Amino acid sequence: MAPPDPEPEQRSAVITVGQDRAGHWLVQDDRALLEGRFVSRAAALGFARAERHAFSGATIALATAPLVPLVPFAPVQAWETAQTCQAFGPSASAVFGGGSSPA
């Protein structure tokens, strides 16, 4: 009987640092679990280096093309504020991701 095949090696994550078309500095991982927006290349690189601990064996790459933000950076709409969420009452927690409803 042949020994079982070892676990396939998991590919290491890649954390990419680059700019979007608007010139914002972004940090993204290739699994869409991480995204950050920064005012400078140095800040973006610092964040990417600091986040490597969360992605075992991750490498950092500089983007060769503009990155596409995963999270829109549009201004917050009035209905998206925490104060408005509270005005909707406990049932809004499911919609807005709030805490548990009162007992």
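Data block above holds the structure.
This write-up is about the structure you can find in this document.

Each value, and the rule that gives it
Residues numbered from 1 in each chain as written. Predicted model: local features only at pLDDT ≥ 70, side-chain atom pairs only at ≥ 80, totals over all residues. Heavy atoms only, no water. Helix = DSSP H or I, 4+ residues; strand = E, 2+ residues; numbered from the N terminus. Contact = heavy atoms within 4.5 Å. Pairing = 2+ DSSP bridges. Axes fitted to C-alpha atoms, helices over the stretch in contact; angles between N-to-C directions. Buried < 20%, exposed > 50% of the residue type's maximum accessible area, 1.4 Å probe, protein only. Lys, Arg positive; Asp, Glu negative; His and termini not counted. Salt bridge = Lys/Arg side-chain N within 4 Å of Asp/Glu carboxyl O. Polar contact = N/O pair within 3.5 Å; in protein donor to acceptor, adjacent residues only side chain to side chain. Core = buried A, V, L, I, M, F, W, Y, C linked by side-chain atoms within 4.5 Å. Phe/Tyr/Trp six-rings, centres within 6.5 Å; stacked < 30°, edge-to-face > 60°.

## Let's talk about the overall build of the chain
Scanning the chain from N- to C-terminus turns up three helices and four strands. Sequence-ordered secondary structure for the chain, helices as α and strands as β, is β-β-β-α-β-α-α. Excluding contacts between residues fewer than 6 apart, the proportion of contacts in the chain whose partners are at least 24 apart in sequence is 45%.

## Notes on unusual backbone geometry
Even without a glycine there, the phi angle at Ala32 is positive, about 60 degrees. The topology assignment puts Ala32 in the loop between strand S2 (25-29) and strand S3 (35-38).

## Side note on the sheet that holds strand S4 (residues 59-62)
Note on sheets: strands pair through backbone hydrogen bonds, and any given pair is parallel or antiparallel. One open sheet accounts for four strands, arranged S3-S2-S1-S4; its pairing is mixed. Looking at which strands have only one partner, the edges of the open sheet turn out to be S3 and S4. Within this sheet the neighbouring strands show an average axis-to-axis angle of 20 degrees, counted without direction. Across four bridges, the pairing between strand S1 (residues 14-19) and S4 is parallel. From the neighbouring strand, Ile15 faces S4, where its bridge partner is Ile60.

## Details of the side chain of Glu35
By secondary structure assignment, the location of Glu35 is in strand S3. One buried charged residue, Glu35, forms no salt bridge at all, with the nearest opposite charge on Arg37 at 8.8 Å. Reaching out from Glu35, the side chain makes a polar contact with the side chain of Gln28 at a distance of 2.6 Å. Side-chain polar atoms of Glu35 contact the backbone nitrogen of Val71, separated by 2.8 Å. Contacts of Glu35, omitting those with residues within four sequence positions, involve Leu26, Val27, Gln28, Val68, Pro69, Leu70, Val71 and Phe73.

## Structural notes on the environment of Ala42
Checked against the element boundaries, Ala42 lands in helix H1 (residues 41-51). Judged by relative accessible area, which is 58%, Ala42 ranks as exposed. Taking C-alpha positions, Ala42 is 9.3 Å from Trp25, a pair spaced 17 residues apart along the chain.

## A word on the nonpolar core
Judged by nonpolar contacts, Ala13, Ile15, Val17, Trp25, Val27, Leu34, Phe38, Ala44, Leu45, Ala48, Phe55 and Ala58 together constitute the single largest core of 12 residues. Mapped onto this core, the elements with two or more residues apiece are S1, S2 and H1. When residues of this core are assigned to their parent elements, the largest contribution, three residues, is made by H1. The residues touching Leu34, leaving out its near neighbours within four places in the chain, are Ile15, Val27, Gln28, Asp29, Phe47, Glu51, Phe55 and Leu70.

## So, the packing of aromatic side chains
Taken as a whole and assessed by the stated rule, the structure comprises one aromatic pair. Residues Phe38 and Phe47 carry aromatic rings whose centres are separated by 5.0 Å and whose planes lie at 40 degrees to one another, so their mutual orientation is tilted. Residue Phe47 is classed as partly exposed on the basis of its relative accessible area, which comes to 24%.

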